[in-house]
Amino acid sequence: MPDIVVVGGGPAGSMSAAMLAKAHDVVVLEDHNVSGTPLQCTGLVSPDVVKMSGVNPTVLNSFSKLNVHFPDGFIYSVDCKSERAVLLDRSGLDRLLAEKAMDAGAEFRYSDRCISCKVSKDSVTTVTESGKEYDSQIVIGADGHNSMVRRMVCSEPPRMQVRGIQLDVKHTFDDQDAIDVWLGSNIAPGFFAWTVPYEDTVRIGLCTEWSCGIPADFLQTFLRKAGLSESKVIQRSSGKVPIGLQSRTYSDRLLLLGDSAGQVKPISGGGLYPMMASAPYLAQVVEGAFSENDFSARYLSRYQKLWKKEIGSELKHGFTLRRMYNNLRDDELDGIRRIIDTPFVHDLASTATIDNPSSMVLKALRNIPMAMRLMPYLFKGLFR
């Protein structure tokens with residue numbers, strides 16, 4: 001029997017498998033027929049994520065500018081003067097990570113969905129739709145927002161969910177160095193919309209908070225707003241993103257990684273950086289469990305302590321900011337913009353990273369006069 005079963009052959013499953021397969025027999029169960037499809041991510045990451053991946057994905061474009069379109073039409077522009085984000089061939093990244101895991105010795109079983117896990121004293125049995133059973137010492141749940149393994153670990157659903165839709169359209173933007181983000185309840189209620197150019201293509205999308213309706217209902221309005229309503233659609237994708245930390249990411253013989261663990265940046269919905277920052281701790285604790293022959297929840301709880309120490313503060317603060325943003329009206333967002341449109345905040349924004357956005361907000365709030373002016377909006381966001 002395998003030592004480890006990884007449920008999910010996306011980036012989280014592949015990365016954990018690559019780390020563990022050198023010393024253990026690892027089987028990866030993936031319900032799609034190949035890693036990397038369907039595409040369910042923009043692929044916009046920091047340069048640090050490329051380094052952390054350990055592979056060399058294709059970079060479609062890089063960016064140093066951000067334009068934020070507020071509901072009243074004002075565009076808040078930030079020029080960081082140096083590269084802050086890159087757009088990856090995300091499907092290609094997933095395939096490279098899977099290949100790395102296979103090279104390390106992991107065995108991928110495609111087109112076979114995991115439907116149940118049963119934990120016993122001496123092993124955990126994983127059952128697939130085809131009727132195959134795998135007995136292993138431990139199971140890694142890397143099976144995304146609708147994780148079956150998560151339901152075995154923690155019965156509570158994600159604290160918040162957003163739904164997204166994304167298109168690649170044929171169009172050439174003059175400024176290839178800028179990401180544009182749109183705010184407003186008539187475009188992307190409870191989240192935001194975006195355009196990301198690369199060569200003669202624009203990746204355009206939006207997310208909506210679960211209670212605000214499906215994103216497709218807002219797509220045509222946004223396409224017109226962005227001047228892309230007549231552009232030819234090359235590719236279309238959609239997906240769901242869980243927002244908010246899970247209270248438990250471990251149980252007897254079970255661990256969660258990536259979206260299934262709620263390791264997602266609440267402000268942007270990006271999951272690659274939190275997952276990649278957490279994966280080494282998962283591998284460390286799993287190796288320790290084999291060394292000690294202890295796969296109990298008590299031992300595996302070390303994983304949660306380690307990854308939360310690394311990124312928990314940013315994800316917690318980010319969730320608070322996400323909840324505050326979702327509670328504010330469009331005119332209140334415009335009011336905040338008028339307050340923060342200062343050289344001080346522009347300087348802060350130009351040095352910020354997309355992996356730790358809440359730290360910039362906390363630095364801005366240390367400016368007492370600005371914090372006092374923002375206080376009414378903060379209270380409305382927190383307590384409305």
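Up top is the structure these notes are about.
## A look at the sheet that holds strand β4 (residues 59–63)
- Spatially, β3-β7-β4 is the arrangement adopted by the three strands of the open sheet, whose pairing is antiparallel. One side of each edge strand has no neighbouring strand; the edge strands of this open sheet are β3 (44–45) and β4.
- In the sheet, β3 pairs with strand β7 (residues 85–88) via two bridges, with the strands oriented antiparallel. Bridge assignment links V45 to a residue of β7, and that residue is V86.

## Quick notes on the packing of helix α7 (residues 297–326) against helix α10 (residues 357–365)
- One way to put it is that α7 packs onto α10 with a least axis distance of 8 Å and a crossing angle of 70°. Overall, the two elements α7 and α10 adopt an arrangement that is roughly perpendicular. The interaxial crossing formed by α7 with α10 has left-handed handedness. In contact with E314, H317, G318 and L321 of α7, α10 contributes P357, S358, S359, V361 and L362.
- A per-class count over the contact of α7 with α10 returns four nonpolar, four polar and one charged.

## A short note on unusual backbone geometry
- Cis rather than trans, the peptide bond between T37 and P38 has omega equal to 0°.
- With respect to the helices and strands, the residue P38 is situated in the loop between β2 (26–30) and β3.
- Here the phi dihedral of R253 falls at roughly 65°; this positive angle occurs in a residue that is not glycine.
- Its relative accessible area of 9% is what places R253 among the buried residues.

## A short note on the environment of E107
- Within the secondary structure, E107 sits in strand β8 (residues 107–110).
- Distance from E107 to A21, taken between C-alpha atoms, is 8.9 Å for residues 86 residues apart in sequence.
- Residues in contact with E107, not counting those within four places in the same chain, are V26, V27 and V28.

## Thoughts on the pairing of β2
- Most of β2 sits out of view: five of its five residues are buried.
- Here β2 shows two buried faces, one formed by V26, V28 and E30 and the other by V27 and L29.
- Direction of pairing for strand β1 (residues 4–7) relative to β2: parallel, over a ladder of four bridges. Note that in β2 the partner of V7 across the bridge is L29.
- Once the chain exits β1 it traverses helix α1 (residues 11–20) before rejoining the sheet at β2, and the crossover so formed is right-handed.

Here is what the cut-offs are and how they apply
Residues numbered from 1 in each chain as written. Predicted model: local features only at pLDDT ≥ 70, side-chain atom pairs only at ≥ 80, totals over all residues. Heavy atoms only, no water. Pairing = 2+ DSSP bridges. Helix = DSSP H or I, 4+ residues; strand = E, 2+ residues; numbered from the N terminus. Axes fitted to C-alpha atoms, helices over the stretch in contact; angles between N-to-C directions. Parallel < 35°, antiparallel > 145°, perpendicular 65-115°, else oblique. Left-handed = near helix turned anticlockwise from the far one by under 90°. Contact = heavy atoms within 4.5 Å. Nonpolar A, V, L, I, M, F, W, Y, C, P; charged D, E, K, R; others polar. Buried < 20%, exposed > 50% of the residue type's maximum accessible area, 1.4 Å probe, protein only. Right-handed = clockwise from strand over helix to strand, strands pointing away.

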